[in-house]
Amino acid sequence: MRKCRITYLTGGFSVGGTERHLATILPRLKAKGYKIDLISLGPDGPMSRPIKDAGINIIPIHSKSRISIPKLRGFSAILTQLTEVKAVLRDLSPDILHCFLGVPSILGGLLHIASPSFELVISKRNQLSRPDSFFKEGAMELFAMKRAKAVLAHSTVVRDELLKAGVYGKNLWLVHNGINAEPYKLAKLKREDLRRRFGWSQDIVFVMLANLIPYKGHNFLLNALSKLSSSDFGGNPWRVVLIGTGEKEYETFLRERVRQEKLTAKVSFLGGREDIPEILAACDIGLLLSEHEGFSNAVLEYMASGLPTIATGVGGNIDAVKDDSTGKLIEFSDDVKLSSAFVEFLSDDKKRIKMGHEASHYLESNFSLNKCVAGYENVYSEILH
């Protein structure tokens, strides 16, 4: 089959899971001969760099909505962007329009009604149970998915939810995220040097790679840590490092909680970082404690670094983390079980290291970048045939 022209429609390129995923797979698809353009509905950011470096054209379209009411702003933005996106698509004439995230998917559905000159593909990363950010967002997104020629669910939980919601099963594909593990393996070879550089040589280090957003569970983490005394850790030195950025007000709240709980010497805020493989190589246990989740690239990065993961049993975490084999799954807000998991990982070095090895092998078998890209190619080939 000829390599087709695909236009991707997504939000902006601040650091996030969807942005990181696109920055990983689009250069690979471009290298395979697909003609790729990308329409961005939000501000530019660091995650667009690999896409630009691959020679992929990024067309920015910014919202002109002046409505200040949050529940109406997103709907208004769709109306203002519709005409501009339609004009761009008319010039590009893609075979496929592939949409990521809620607003782009809604736009794709509306454009497909107005001018069905392309096949519509929608990637659904997060659960339907996630709260709407604006009025009827979920209902409109579901309407768009029911129109799509193919819907790519990134986890089994999302796939099963879409089936129950009425998305046609033959149009529904399960395509997990994938990751290139090589940078993480190379960084691991320098582990001891990196631990000395960061000042962590004596510590068992827990790392949480997640933007500072309430649903990501940082406050849940602090609840669990506040319930532990020094005797619970058996005298083992430890620390928690938090990587990510977010709203200043929420970060201030978290820092104040750390101070109040007398955890300042134990919990570090590292902000946004570009040396993620090096930081993870110096750590011991990954944390992902979200209230809801799509399919987290952070878990794959932990696995590529040979770390076991303590994660909440939501979204793609259930696919990526094998409970008691590659990590621990707990319920969101169960701070007692989270505290117990901390103590268990601190007190049993052999088990922690064994789980890390299992995680690395599980990644290679199930979540390689090549397998993910092949999944996309299978979808594109099938729908154009």
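Structure: see above.
Residues numbered from 1 in each chain as written. Predicted model: local features only at pLDDT ≥ 70, side-chain atom pairs only at ≥ 80, totals over all residues. Heavy atoms only, no water.

## Thoughts on helix 15 (residues 349–366)
An α-helical segment advances 3.6 residues per turn. Residues three or four places apart therefore align on the same side. The end-to-end C-alpha distance of helix 15 is 26 Å, a good match for the 26 Å that 18 residues give at a rise of 1.5 Å each. Every buried residue of helix 15 is accounted for by Arg352, Met355, Gly356, Ala359, Ser360 and Leu363. Here the buried residues of helix 15 occupy an arc of 145° about the axis, which is enough to place them on one side. Of the residues in helix 15, the exposed ones pointing more than 90 degrees away from the buried face are Lys350, Lys354, His357 and Ser365. In this structure, the buried residues of helix 15 make contact with strand 8 (204–209), strand 11 (285–288), helix 12 (297–304), strand 13 (327–330) and helix 14 (335–347). (Helix = DSSP H or I, 4+ residues; strand = E, 2+ residues; numbered from the N terminus. Expected span 1.5 Å × (residues − 1). Buried < 20%, exposed > 50% of the residue type's maximum accessible area, 1.4 Å probe, protein only. Arc of directions from axis to C-beta. Contact = heavy atoms within 4.5 Å.)

## A short note on the layout of surface pockets
Roughly 330 Å³ of volume is contained in the second largest pocket. Only helix 7 (182–188) and helix 15 provide two or more residues apiece to the lining of the second largest pocket. Ranked by residues supplied to the lining of the second largest pocket, first place goes to helix 15 with six residues. Tallied by class, the residues present in the lining of the second largest pocket amount to five nonpolar, five polar and six charged. (1 Å grid on protein atoms, 1.4 Å probe; cavity = no way out; pocket = protein on both sides within 12 Å on 5 of 7 lines; lining within 4 Å. Points joined across faces, edges and corners; volume = space filled by probe spheres on them. Nonpolar A, V, L, I, M, F, W, Y, C, P; charged D, E, K, R; others polar.)

## Considering the sheet that holds strand 5 (residues 119–124)
Across the sheet, seven strands lie side by side as 3-2-1-4-5-6-7; this open sheet has parallel pairing. Of all the strands in the sheet, just strand 3 (57–60) and strand 7 (172–174) have a single pairing partner and so form its edges. Going across the sheet, the axis of each strand differs from the next one's by a mean of 20°, ignoring polarity. The pairing of strand 2 (residues 35–40) with strand 3 spans four bridges and is classified as parallel. Across the sheet, aspartate 37 pairs through a bridge with asparagine 57, a residue of strand 3. Sitting on the sheet, helix 4 (residues 102–114) touches strand 1 (5–10), strand 4 (96–100) and strand 5, and the angle it makes with strand 4 is about 150°. (Pairing = 2+ DSSP bridges. Axes fitted to C-alpha atoms, helices over the stretch in contact; angles between N-to-C directions.)

## Overview of the sheet that holds strand 11
Ordered by their spatial adjacency, six strands build an open sheet running 10-9-8-11-12-13, and the pairing between neighbours is parallel. Here the strands that pair on one side only, and so sit at the sheet edges, are strand 10 (267–271) and strand 13. Along the sheet, successive strands turn relative to each other by an average axial angle of 20°, direction set aside. Where strand 9 (residues 238–243) and strand 10 come together, four bridges link them in parallel fashion. Looking at the pairing, leucine 242 lines up with phenylalanine 269 of strand 10.

Shape descriptors only; they carry no functional weight alone.
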